[in-house]
Amino acid sequence: MAESAAAVDVAMSSLGPEARPRRSALWRFVRRKPLGAAGGLLMIVLALLALFAGVLATHNPVRTDSAHTLAPPSAEFWLGTDNLGRDVWSRVVHGSRISLLVGVTSTLLGAVVGGLVGLLSGYVGGKTDLLSQRVMDAMQALPVLVLALVMAAALGPSLTNAIIAISVPIIPRAARVIRASVLTIRELPYIEAARALGVRHGRIAFLHILPNTFGPFVVLITAQLGGAILVEAALSFLGLGIPEPYPSWGRMLSVAAAEYAQKAPWLVIWPGLAISLAVFGTNLLGDALRDTLDPRLRGV
Amino acid sequence: MPRPPLTVSLALAALALVLAAATLPAVGQTPKYGGVLATSPISAPPSLSPHEEATIAVVASASVCFNNLVYFDPQKKQESAATVVPELAERWSWQDGSRTLVFFLRKGVKWHDGKPFTSQDVKYTFDMVRGAPDAKGKLRVNPRKLWYENVEAIEAPDPYTVAFRLKRPQPALLLMLASGYSPVYPAHVPPAEFRTRCVGTGPFKLKDHRPGEYVEFVKNPDYFVKGRPYMDGVKVVFIKDRSTQIAALQAGQLDVAGSGWNKANAETAMKGAAGLVVIEADGGTNDNVLVNFKRPPFTDVRVRRALNLALDRAAYVKGPRQGGASLGGAMLPPPAGVWGLSPADLAKLPGTGDPTRQKTEAKRLLAEAGFGPAKPLKVAVSTRAVAIYVDTASWMVDQLQQVGIDATLEQIETGVWHPKMTRRDYQIALNVTGVGVDDPDANLVENFKCGSPRNYSDYCSEEIDRMIAEQSQMTDRAARLKLVNDIDRRLQLDGARPILGWGKQYYAMWPHVKNYVPHENSIYNNSRMQDIWLDKR
């Protein structure tokens, strides 16, 4: 029995989507979706910025300098300094680490947990489905920012708590998307065949259904990433994200920047631009990926 | 050194001009009657009862309704024993070798509800505040009980005489009674009612109070000072956000603002509104570091000293305070303060010398105490989640990191801040303390005496307590100053509660507001507004 199940697995994987050379797929994506590719490029640049922040930063991002407070952009301070004399360029560069780290980790965490809930809910069906979907409904009834705010306020400001607070609102959205895919895939003949051969439920769910939800999963992640970065910025702006003095883009826009904005506009321009670009990049990429990976939209 | 940009130079020049103009008396101008003054305090007051609260928001919002026995002359910038003027007391006299303070009260004064004011009201109020066993009233919270711990009994031999009998001589008691925190309450109104309304004898009567929104007062036609107040009313609008306050002032919706502003706020306000007047005043508010004496490693004097040395005071003035602060010890330094250390004394204190040398010394002391790169001292710096606190605390974290202390910042919501400090639930904290009365009997007793509830550090030295008690009884001002300076120096060297410096206050107003004189050494004692008039048609 086990042997025949393994045989089916092999047969299934060889029947998978045709394996085209990777480079040409990427090239086709760039040609068909130039905007999406631009978004991807933007994300790569930001990721590199975050990765090499230590090298790219010209100053220690938390070091204050009372001799150069609110200094305008200059050769020494490329993007100027803030009210405590901290270098804005170094803070933007280091801020990208926190923004991307929180954005990516919370999105992944939310998507994975939500995906598992969706998979179980869709595959098991019946009362489990009904119950879990009502819980998801309840979670989704609250706006993302409100839910994240409640979580962050309850847990207190720290990196880990910010990640948890932002990931929770993503769970029901991920659960919905994955559950919808699972409901479709569950009825396909190859699943029926696997079931007829006596393959265990766990194996069907995780080995035969889950890999086929990868498309919507990727779309989901890219679509939620921009939102997560924005929520992180909002939480930090409200003092519930990363605690001072560590830089995050939202924190940089917070109280002090708003007060000194008239006098030192560079305090709001650069972190604001960084947030806009990151969100813009993920949205462009997400849209393009959705168009490419969603069979209903393919070829449109 | 780079030249400051033109806009900054211009703004500073304008500020200087305006300061010069604003401090000139309104010569030859006859006060005009009428008009309503709109102002905004630092935040919405938690209640309207000054005796139950410890924030300027309450004093600034409710003082127009009350009177004291005596008050600091609102028109004199520096408060001292010499500027105490009569209010409900016509005159006073010290008797029995400064052991009894007798007040002779004004006759014919009425409460806003029409009942007569008598010596019973005074006895009732101060028996309540000092927590006398036979007091007829009780306060829910009593933040300044300690001010009156030397009062043995209050006697009211007739309706217009009150005598405060003291355990030992204490000339400074008169100053405490002159504070905005010491109004006389009517004996016939339960103290709990003052949380939402007020019945006083003051120049303005309560018209409307919407908690969290505004409180409105109208002129008291029966006010005992003839010809006062000049204005028809006062409206105190609660605006939380400083940028919104600035916008409201610029738009003319407020006549005066600036409580809790810093220099940059004042500059921003002036930039957007031609003719706005800004007055810079010391105000007696210091930024200080609370060090929890109950928690190791701060029990070790070397660690406290290292902490004190690591914080470069000159950088504090220029950085988080944007130049709007002066150096000082526990008492506000001269010329604004009466009892502070001289510049020569201050220059010898930890944190004021060459920063590189001080930081090296701090590292050495930490190493001696067993902390170094291999085993760094881990410290969470707690602070209130309010802009002016967080700015200074962020700066402080960086200063501590520079001597190898692994410092992080913990922001605490305003609502839990004071309870947390009172429970001593912190390691070290960045705190802002406003001094109610610029006198050692108020400031040193409240913040440094063993067992005082507001001594958040739990610093306790029998020697210092003895010295505090000794200076309190002195009548010779010069000798008292010498002893007070000695206490201050010891407190700073001991790292009792390191003072970073004294932040300046910035009051912004339209030029039609006349006779508004911010005080130099306290922000709490000039909110009566009976002499203010509006030069409007």
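Residues numbered from 1 in each chain as written. Chains lettered and ligands numbered in written order. Predicted model: local features only at pLDDT ≥ 70, side-chain atom pairs only at ≥ 80, totals over all residues. Heavy atoms only, no water.

Visitor: Even after reading the chapter, I still don't get the overall build of chain A, so can you show me in this structure?
Guide: Summing up its helical and strand segments, chain A has 14 helices and zero strands in all. Each helix and strand of chain A, placed in order from N terminus to C terminus, yields the pattern α-α-α-α-α-α-α-α-α-α-α-α-α-α. Evaluated residue by residue, chain A yields a buried proportion of 48% over its 300 residues. Looking at chain A alone, contacts between residues at least 24 apart form 71% of all its contacts between residues at least 6 apart. As displayed, chain A offers around 14700 Å² of accessible surface, 71% of which is attributable to carbon and sulfur atoms. (Helix = DSSP H or I, 4+ residues; strand = E, 2+ residues; numbered from the N terminus. Buried < 20%, exposed > 50% of the residue type's maximum accessible area, 1.4 Å probe, protein only. Contact = heavy atoms within 4.5 Å. Areas by Shrake-Rupley, 256 points an atom, 1.4 Å probe, with all protein chains shown as cover.)

Visitor: Explain the nonpolar core to me, please; I cannot follow it from the model alone.
Guide: As a rule of thumb, soluble globular proteins bury nonpolar side chains together. Core analysis: the biggest nonpolar cluster contains 70 residues, and B:L69, B:F103, B:V122, B:F126, B:F164 and B:L177 have the highest contact counts within it. Once residues within four sequence positions are removed from consideration, B:F164 is found in contact with B:L69, B:R99, B:T100, B:L101, B:F103, B:V122, B:F126, B:V151, B:A153, B:I154, B:L173 and B:L177. (Core = buried A, V, L, I, M, F, W, Y, C linked by side-chain atoms within 4.5 Å.)

Visitor: Whenever I open this one, the state of the cysteines confuses me. Can you help?
Guide: Each disulfide is one covalent bond, formed between the sulfur atoms of two cysteines. Residue and element names in this part refer to chain B. What the rule picks out here adds up to two disulfides over all chains. A sulfur-sulfur distance of 2.1 Å marks the disulfide that ties C65 to C198. Between C65 and C198, the S-S dihedral sits near 120 degrees, and the bridge is therefore right-handed. Remark: C198 occurs in the loop between α4 (173–177) and β8 (204–210) and C65 occurs in the loop between α2 (56–62) and β2 (70–72); sequence separation between them is 133 residues. Of the two residues, C65 and C198, neither departs from the other in class, the shared state being buried. (Disulfide = S-S within 2.5 Å.)

Visitor: Whenever I open this one, the pattern of salt bridges confuses me. Can you help?
Guide: For side chains bearing opposite charge, pairing can occur when the charged atoms are close. According to the stated counting rule, one finds 45 salt bridges over all chains in the structure shown. Notably, a salt bridge pairs A:R290 with A:D287, separated by 3.8 Å at the nearest N-O pair. Here the residue A:R290 and the residue A:D287 both occupy positions in helix α14 (residues 266–293), the gap between them amounting to three residues, near one helical turn. For the salt bridge of B:R364 with B:E361, the shortest nitrogen-to-oxygen distance reads 3.0 Å. Of the two residues, B:R364 and B:E361 both sit in helix α10 (residues 355–368), three residues apart, roughly one turn of that helix. The class for B:R364 is partly exposed, based on a relative accessible area of 42%. Through salt bridges with shared partners, a single ionic network connects B:D300, B:R302, B:E361, B:R364 and B:E368. (Salt bridge = Lys/Arg side-chain N within 4 Å of Asp/Glu carboxyl O.)

Visitor: Would you mind going over the domain arrangement of chain B with me for this structure?
Guide: Interface size is often expressed as the accessible area that is lost when the parts come together. All names here are of chain B. By domain assignment, chain B separates into domain 1 (10–23 + 32–276 + 510–534) and domain 2 (282–504). One C-alpha centre belongs to domain 1, the other to domain 2; they are set 29 Å apart. With 27 residues of domain 1 in contact, the opposing surface of domain 2 contributes 33 residues. Summed over both partners, the interface of domain 1 with domain 2 comes to about 2300 Å²; 55% of that surface belongs to carbon and sulfur atoms. (Domains from an automatic or database assignment. Buried area = accessible area lost by both parts, 1.4 Å probe.)

Visitor: Got a minute to help me understand the sheet that holds strand β4 (residues 89–95) of chain B in this structure?
Guide: Either a parallel or an antiparallel arrangement is found when strands of a sheet pair, and the pairing is made through backbone hydrogen bonds. Residue and element names in this part refer to chain B. The strand order β4-β5-β7-β6 describes an open sheet built from four strands, whose pairing is antiparallel. Both outer strands of the open sheet, β4 and β6 (151–158), are each paired with one neighbouring strand and no more. This sheet shows a mean twist of 20 degrees between the axes of neighbouring strands, independent of strand direction. Relative to strand β7 (residues 161–166), strand β5 (residues 100–105) runs antiparallel, the two sharing five bridges. Of the residues in β7, the one forming a bridge with L101 is F164. Most of the contacts of helix α3 (residues 119–129) go to β6, to which it runs at about 165 degrees, and overall it touches β5, β6 and β7. (Pairing = 2+ DSSP bridges. Axes fitted to C-alpha atoms, helices over the stretch in contact; angles between N-to-C directions.)

Visitor: How should helix α6 (residues 263–271) of chain B be read in this particular structure?
Guide: One turn of an α-helix holds 3.6 residues; hence residues three or four places apart share an orientation. All names here are of chain B. Most of α6 sits out of view: eight of its nine residues are buried. Looking at α6, one finds that the buried residues are K263, A264, N265, A266, E267, T268, A269 and M270. The opening residue of α6, the one whose side-chain oxygen lies 3.1 Å from the backbone nitrogen of A264, is N262. (Polar contact = N/O pair within 3.5 Å; in protein donor to acceptor, adjacent residues only side chain to side chain.)

Visitor: Got a minute to help me understand the interface of chain A and chain B in this structure?
Guide: Between chain A and chain B, the residue contacts involve 20 residues of the former and 25 residues of the latter. Of the roughly 2100 Å² buried at the junction of chain A and chain B (both faces included), carbon and sulfur atoms supply 48%. The interface formed by chain A and chain B includes two salt bridges. Ionic pairing is found between A:K263 and B:E267, a salt bridge with its closest N-O pair at 2.9 Å. Viewed at the interface, chain B and chain A are joined by seven residue pairs in polar contact (both at pLDDT 80 or more).

Visitor: Any chance you could explain a nonpolar patch on the surface here in plain terms?
Guide: All names here are of chain A. Nonpolar side chains collect at one region of the surface, where L41, I44, V45, L48, L51, F52, V55 and L56 lie side by side and expose about 780 Å² of accessible area between them. Counting residues per element, the ones that place at least two in the nonpolar patch are α3 (34–51) and α4 (53–56). Counting residues per element, the nonpolar patch draws most heavily on α3, which supplies five residues. By the element assignment, F52 lies in the loop between α3 and α4. (Patch = residues over 30% accessible without salt bridge, like charges linked within 9 Å, V, L, I, M, F, W, Y side chains within 5 Å.)

Visitor: I would appreciate a short explanation of unusual backbone geometry in the present structure.
Guide: Across the chain, the bulk of peptide bonds are trans and the bulk of non-glycine residues have phi less than zero. All names here are of chain B. Cis geometry is adopted by the peptide bond preceding P229, which originates at R228 and carries an omega value of -10 degrees. Secondary-structure assignment places P229 in the loop between β9 (214–219) and β10 (233–237). Of the consecutive residues P296 and P297, the connecting peptide bond is found in the cis state with omega at 5 degrees. Non-glycine residue D458 carries a positive phi angle of around 60 degrees. Secondary-structure assignment places D458 in the loop between α13 (440–448) and α14 (462–473). Here the phi dihedral of M529 falls at roughly 65 degrees; this positive angle occurs in a residue that is not glycine. For M529, the location among the structural elements is in the loop between β18 (513–514) and β19 (533–534). Using a relative accessible area of 10% as the deciding quantity, one classes M529 as buried.

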